[in-house]
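Summary of structural features
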Amino acid sequence: MNEKYIPLYRKYRPQKLEEVVGQEHIKKALTNAIAMNKISHAYLFTGPRGTGKTSTARIFAKSLNCKEGPTINPCGKCENCIDITNSVPMDVIEIDAASNRKVEDAQNILEKVMYAPVNSRYKIYIIDEVHMLSNTAFNALLKTLEEPPKNVIFILATTEVHKVLDTIKSRCQRFDFKRITTDDIVKHLRYISDCEKINITDDALYTIAKNSAGGMRDSIALLDQLSILDGEEAISTDDINNLLGRLSFDTLHSLSDGIITSKPQDAIETLEKIYNSGNEPTQILTNLLDYFKNMLIVKNCRPEIVFELTQLNDAQIKELQSQTANLDTHQITFLIDKTADYIKEVKNTNNPRLWLEVGIIDLANLAENTSLMELQNRIFRLENGAPVQSSNAAYKTPPAPVLNRQKLKDLTGEKEVKPLEATAAEENYDKQASEHPAQHSAQGNDFSPMPKSHPAPAGSDISELWGALLQNIQSAPTRALLKQWANPVKISAEETVLTMKNEIFLNQVINGNKKNQIIEALNAMFSQDNSNVIIRLPLPDDQPVKAVPPRRLTPEPQSAPPSADNQEEYLPAEDAIEETENSDGDNTEASDKKDFGNQHSDMVNMVVQLFDGKIID
């Protein structure tokens, strides 16, 4: 009864390298160093807390100073082993750098380094949390750390290795301790529970392991805390949640169900019960965030790895599968993103309950608002110039809708807007249809024939190559966009470099299918596959190039020589469009464009510029 109680994490601290859980690479390296008698003068142990850094340092010191050593299996019975186990050795000095970080403390170490070991083979300095030393203290240790006296070894341990000076790290053998896997933690916790006769379920052990973030010491400490709850019934996950202030799965399921089904009233009623039970707002949102994360895993991962990632039982996984059946991945991701935002708000506000309630109501409405149809409608309004309250760049953008002139007219409240390319093509179509009604009746709705493939012209004139490339573009809107807003820097079979005049059109070409059309046109020109195309913004050294149609070596056969009166009807659609653009009438149109910004609203100006349009009276 008078015996002092020893916490479990101290009672079950490993005493040999083989008892260290995990860290197989480090155990093998240190074992070989002892067996081959290749002992360095300085070691740096780094890794998360509770992964065995200090314990390994003590075991290593015990292996080196054991009376039967150096040995990989210290006896644990000699004077040196017992002193190291009890942390009272004369020749193994443990220093907490957090409380001994001044240069004077480092100088005290240096003064004692010069003395030979008293009872042991090595004098070993274990400096814990070494990153806490000041720069002056580090510099004082540098020379001694590089060339210490004979039989002196430094073992430095830290959780933040990036704060250790590079000059220190370069003088040490570095060993990185990894987070211990959940399975290894559960296995060791079951061993301790059996030894201590603690009645606890396997699900509870998995919950402990998951909550410890890969640290064995934290897991054993939590198990020690739970051992006082031991009774007739086994300790369960609910007991752990109550002890840690975590929400149970059923509670989170009820809260999330009100959010997912877009029922703010149900969600708020559930939240009120949770809050009145004593749970803090930050903890509620953090648990909800973890629940949404598990939903995302269940939605996207194979069943065989879902359990490993979520540590949920089969019944709970089935509940999540039922919840995610009618949800898209982007909806769950959106909820995770917004929940994380509200966690930040709750942490930084003086009224956390208010932001908690606002967040839950907002989430309950966002689940419905982030449906795929709503996202498509928002993108449509955005691309047509309408203001959009919010957007999320993380989601894939659906294909851009076709320009609707009537909606543009309704949107701007002014005159109808038409793309120039479509306008010229339609005028050419109307003229040809009036002169050749039979021919165009057979063609149906196609107002221009499919452009023929134009091979690359002989020679290296970039103007002719640019003209041939434009003629090979089969999409009329893409051809018009490139002709007005693009400039060729280089066109060859090996590489083609084009520039776009501003970032808006650059993104439009790169992110859409227009770049693929350019590649297909180049493939046809050079009779090759996978042409290399680079599209970027202009540089100061880029020279403007005017497209010139490629010279024809032989005239194309024709049924009858065209006269001056009917020559236009024999032109292909793209040539007719080009001729229309180069006519005197185009100068008048350019003049109208010049004064365009003074006659219409900014909204209309933006739409016309974006779609290369003009006003139709």
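Rules used in this analysis
- Residues numbered from 1 in each chain as written.
- Predicted model: local features only at pLDDT ≥ 70, side-chain atom pairs only at ≥ 80, totals over all residues.
- Heavy atoms only, no water.
- Helix = DSSP H or I, 4+ residues; strand = E, 2+ residues; numbered from the N terminus.
- Buried < 20%, exposed > 50% of the residue type's maximum accessible area, 1.4 Å probe, protein only.
- Areas by Shrake-Rupley, 256 points an atom, 1.4 Å probe, with all protein chains shown as cover.
- Axes fitted to C-alpha atoms, helices over the stretch in contact; angles between N-to-C directions.
- Parallel < 35°, antiparallel > 145°, perpendicular 65-115°, else oblique.
- Contact = heavy atoms within 4.5 Å.
- Nonpolar A, V, L, I, M, F, W, Y, C, P; charged D, E, K, R; others polar.
- Phe/Tyr/Trp six-rings, centres within 6.5 Å; stacked < 30°, edge-to-face > 60°.
- Pairing = 2+ DSSP bridges.
- Left-handed = near helix turned anticlockwise from the far one by under 90°.
- Expected span 1.5 Å × (residues − 1).
- Arc of directions from axis to C-beta.
- pLDDT = per-residue confidence, 0-100.
- Core = buried A, V, L, I, M, F, W, Y, C linked by side-chain atoms within 4.5 Å.

Glancing now at the overall build of the protein. Along its length, the protein carries 29 helices and ten strands. Among the 617 residues that make up the protein, the fraction classed as buried is 40%. Roughly 34,300 Å² of accessible area belongs to the protein as shown, and the carbon and sulfur atoms make up 49% of that amount.

This part is about the packing of helix α10 (residues 216–226) against helix α11 (residues 237–244). Two numbers describe how α10 lies on α11: the axes approach to 11 Å, and their chain directions differ by 100°. Judged on the interaxial angle alone, α11 and α10 are roughly perpendicular. Taking contact as the criterion, the partners of Leu222, Gln225 and Leu226 in α10 are, on α11, Ile240, Leu243 and Leu244. Across the contact of α10 with α11, the residue classes tally to five nonpolar, one polar and no charged.

Here the focus is the packing of aromatic side chains. Following the criterion strictly, the structure yields ten aromatic pairs and no others. Aromatic side chains tyrosine 12 and tyrosine 191 sit 6.4 Å apart centroid to centroid with 85° between the ring planes, which places their arrangement in the edge-to-face category. Taken as a pair, tyrosine 12 in the loop between α1 (8–11) and α2 (24–35) and tyrosine 191 in helix α8 (residues 182–196) lie far apart in primary sequence, 179 residues in all. Residue classification places tyrosine 12 among the buried residues on the basis of a relative accessible area of 18%. Exposure remark for tyrosine 191: the relative accessible area of 48% places this residue in the partly exposed category. Ring-pair connections join several aromatic residues into one group, and the members of that group are Tyr43, Phe45, Phe60, Phe175 and Phe177.

With that out of the way, let us pick up the sheet that holds strand β3 (residues 123–128). Note on sheets: strands pair through backbone hydrogen bonds, and any given pair is parallel or antiparallel. If you walk across this open sheet you meet the five strands as β2-β3-β4-β1-β5, and the pairing is parallel. Since the sheet does not close on itself, it has two edges, and those belong to β2 (92–96) and β5 (173–176), each with one partner. Going from strand to strand, the sheet's axes swing by 15° on average, the running direction of each strand aside. Along the sheet, helix α3 (residues 53–65) contacts β1 (42–46), β2, β3 and β4 (152–158); its crossing angle with β3, the most-contacted strand, is approximately 180°.

Looking now at the packing of α8 against α10. Between α8 and α10, whose axes approach to 11 Å, the crossing angle comes to 35°. Crossing of α8 over α10 shows right-handed handedness. Every residue of α10 that contacts α8 at Asp184, Ile185, His188, Leu189, Ile192 and Ser193 is listed here: Met216, Ser219, Ile220 and Leu223. Tallied by class, the residues present in the contact of α8 with α10 amount to six nonpolar, three polar and one charged.

With that settled, the discussion passes to the sheet that holds strand β9 (residues 533–536). Read across the sheet, three strands follow the order β7-β8-β9 without closing on themselves; strand pairing throughout is mixed. With partners counted over all chains shown, the strands left at the sheet margins are β7 (486–491) and β9, one partner each. On average, adjacent strands in this sheet sit at an angle of 20° to one another, irrespective of strand direction. By the bridge criterion, five bridges tie β7 to strand β8 (residues 496–500) in an arrangement that is antiparallel. Bridging across to β8, alanine 486 finds its partner in methionine 500. Packing against the sheet, helix α25 (residues 503–511) makes contact with β8 and β9, and its axis sits at approximately 155° to β9.

Moving on, we get to helix α13 (residues 264–276). Along its 13 residues, α13 runs 18 Å from first to last C-alpha, staying within 8% of the 18 Å computed at 1.5 Å per residue. If you check which residues of α13 are buried, you get Ala267, Thr270, Leu271 and Ile274. Buried residues of α13 fall within an arc of 105° about the axis and therefore sit on the same side. Exposed side chains of α13 directed beyond 90 degrees from the buried face belong to Gln265, Lys273 and Asn276. In the segment just after α13, glycine 278 is the residue with positive phi, at about 100°.

Next up on the list: unusual backbone geometry. Glycine aside, residues mostly have negative phi, and peptide bonds are mostly found in the trans state. Of note, the phi angle at lysine 197 is positive, near 55°, even though the residue is not glycine. Of note, lysine 197 is situated in the loop between α8 and α9 (202–211).

On to the confidence of the model for the protein, then. In this model, the protein carries a mean pLDDT of 76, and residues with pLDDT of at least 70 account for 73%. Ignoring residues within four places in sequence, the model shows residues 390–426, a span with pLDDT below 50, making 69 contacts including any to other chains. Note that residues 553–598 has pLDDT below 50 and, in this model, 36 contacts with residues that lie over four places away or in other chains.

With that out of the way, let us pick up the nonpolar core. If you look at the biggest cluster of nonpolar residues, it comprises 30 residues, and the most contacted ones within it are Leu255, Ile259, Met295 and Ile360. For this core, the secondary structure elements donating two or more residues are α12 (249–260), α13, α14 (281–300), α16 (314–324), α17 (329–348) and α18 (352–369). Among the elements that line this core, the one with the most residues is α14, at eight residues.

We now examine the environment of isoleucine 168. Within the fold, isoleucine 168 resides in helix α7 (residues 166–169). Distance from isoleucine 168 to asparagine 139, taken between C-alpha atoms, is 8.7 Å for residues 29 residues apart in sequence. Dropping the residues within four chain positions of it, isoleucine 168 is found in contact with Phe138, Leu142, Leu145 and Leu156.

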